[in-house]
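Descriptive analysis of the structure
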Amino acid sequence: MEARAIIAKLRAGAVVTVEEARWFGEALSGRVITDAQAGAFAMAVALKGMGPEARVGLTTGMRDSGDVLSWDLPGPVLDKHSTGGVGDPVSLILAPALAACGAYVPMISGRGLGHTGGTLDKLEAIPGYICEHGPKRLDHILREAGCAIVGATGRVAPSDKRLYAIRDVTATVESIDLITASILSKKLAAGLEGLVLDVKTGSGAFMPSLEASTELAQSLVDVANGAGCRTSALITDMSQPLASSAGNAVEVRAVMEALTVSGTQKRLREVTVTLGGVLLAQADLAQDVQEGAEKIAAAISSGAAAERFGRMVTAMGGPADFLERWNNILPEANIIMEVTPARPGFVAEIDTRALGESVVHLGGGRLVESDRIDHAVGLSGIARLGAKVDMKTPIATVHATNATKASRAVEAVRAAFKLGSTRPEPLPLIHSGVGI
Ligand code: URA
């Protein structure tokens, strides 16, 4: 095989074979392919596409460029992946709930990307929580807690690591072929038997339109199934944050509320329960999605999911009494400032991406790769679409390290809320499913 010939075919819009795509995907981790060739490949794919079969080849090649984990556990090995959103800590509830229902969840997660939050950044708000563990320790934690939310080691899908960095600087991130291969090469390297995808749509999603989100969901489902992992997807609403908080420690607080206080964080619970229901049914741990959803809901309301979460936190290096003392253990910001709206009315529209950006600027995300996260900062009490507010009703609360950052965030949050004189039609929380 030869990189130049494959790039030329792609540039001409010709079909590359599965074998060619697989070879390129695997070879991307080494010196056989130069940075210039990787950039030209990314641009040719972004402009001309590569077709469904070659997509499977690229994904499996990138998966096999590094370690592929395998397990010998007494239950199905399952996982969930979200395409990224704001105030979306579903993984922190779903992983332990699935574990409480008999599954094993080795969830390899990422850090914040752009305006979206990262699961690992949220968990590191818990003092002592260590995200990097080798395969042996991971196996031990999985047997102990049933779930382990960890970061990828450098040896998982190195081709994606390289191609992702090149895409970032060659304006080739927004390609469905490349996004599909990037997400799935890492997920499939975890040795999964089943996967459910939460594809976001709306103002806080990477793919804001329902049409683009549906196309991405279909691509992810087809390629994952084509690579031998049973997979389905839900398209869920990200036209407002899912939890009432966005940030790191503030989202862990929302998770602990959802796990321990009934009737709270309803939207967050609904998405969690539905995704879990789909996954349990797909893995034959429930007869159908409805029964699966009931099992996940019962695992949350009985406290079984909270107990698993506590076990995981301890096994990952966090406090042994986190479940009892989370409210005291999680860090709090110095400055807490309420945001009141510019005028009274109904919350008609939320620029969710702007809320995510304001969390990043508070220090809850990174502007450059080397930035250190401030886990205590963020937003809480975020008003819902359709809420009736007056000038004394806060639409959010800002948690900041200093008054200057707090005032800037107050202005940004205020500007992100559009108020109307009539209550807007509610949007569906779950738009549709793919492969269910
Ligand atoms: N997340 C990834 O891991 N890769 C992409 O290309 C986009 C989102």
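The structure presented is a predicted model; accordingly, all values stated were derived computationally and were not measured.

Observations regarding helix H17 (residues 403-416)
Here H17 is 14 residues long and its end C-alpha atoms lie 20 Å apart, about the 20 Å a rise of 1.5 Å per residue gives. Of all the residues in H17, the buried ones are Ala406, Ala409, Val410, Val413 and Ala416. The buried side chains of H17 occupy one side of the element, clustering within an arc of 130° when seen end-on. Exposed side of H17, more than 90 degrees from the buried face: Thr404, Arg408 and Ala415 are the residues found there.

Quick look at the nonpolar core
Membership of the largest hydrophobic core comes to 114 residues, with the highest contact counts inside it found for Ile126, Tyr129, Ile296, Phe309, Phe322, Val398 and Phe417. Per-element accounting of this core gives the leading share, eight residues, to helix H5 (residues 90-100). With sequence-adjacent residues up to four places away left out, Ile126 is seen in contact with Val252, Phe309, Val313, Pro319, Phe322 and Leu330. Listed in part, the 23 residues of the second largest apolar core include Leu10, Ala21, Phe24 and Leu178.

A few points about the site of the ligand
Every residue close to the ligand is listed here: Tyr164, Arg167, Ile179, Ser182, Ile183 and Lys186. In the model, a nitrogen atom of the ligand is placed 2.6 Å from a nitrogen or oxygen of the Ser182 side chain. Burial of the ligand by the protein amounts to 85% of the accessible area it has alone, namely 240 Å². Those elements that provide at least two residues to the shell around the ligand are helix H8 (158-168) and helix H9 (176-188). When residues in the shell around the ligand are grouped by element, the largest group, four residues, is from H9. Looking at the shell around the ligand residue by residue, the class counts come to three nonpolar, one polar and two charged.

Things to note about the pattern of salt bridges
For the coordinates displayed, the defined rule picks out 21 salt bridges. Put simply, Arg414 and Glu411 hold a salt bridge, and the shortest N to O gap is 3.1 Å. Of this pair, Arg414 and Glu411 both sit in helix H17, three residues apart, which is roughly one turn of that helix.

Some points on the sheet that holds strand S5 (residues 230-237)
Here four strands make up an open sheet; going across it, the order is S1-S4-S5-S13 and the pairing mixed. Each having just a single partner strand, strand S1 (78-82) and strand S13 (430-434) make up the two edges of the open sheet. Ignoring which end each strand starts from, the neighbouring axes of this sheet average 20° apart. Here S1 runs beside strand S4 (residues 194-201); their pairing, made up of five bridges, is parallel. The residue of S4 that forms the bridge with Leu78 is Gly194. In the packing of helix H10 (residues 210-226) onto the sheet, the strands contacted are S4, S5 and S13, and the crossing angle to S5 comes to about 165°.

Thresholds, definitions, all that
Residues numbered from 1 in each chain as written. Predicted model: local features only at pLDDT ≥ 70, side-chain atom pairs only at ≥ 80, totals over all residues. Heavy atoms only, no water. Helix = DSSP H or I, 4+ residues; strand = E, 2+ residues; numbered from the N terminus. Expected span 1.5 Å × (residues − 1). Buried < 20%, exposed > 50% of the residue type's maximum accessible area, 1.4 Å probe, protein only. Arc of directions from axis to C-beta. Core = buried A, V, L, I, M, F, W, Y, C linked by side-chain atoms within 4.5 Å. Contact = heavy atoms within 4.5 Å. Near = heavy atom within 4 Å. Polar contact = N/O pair within 3.5 Å; in protein donor to acceptor, adjacent residues only side chain to side chain. Areas by Shrake-Rupley, 256 points an atom, 1.4 Å probe, with all protein chains shown as cover. Nonpolar A, V, L, I, M, F, W, Y, C, P; charged D, E, K, R; others polar. Salt bridge = Lys/Arg side-chain N within 4 Å of Asp/Glu carboxyl O. Pairing = 2+ DSSP bridges. Axes fitted to C-alpha atoms, helices over the stretch in contact; angles between N-to-C directions.

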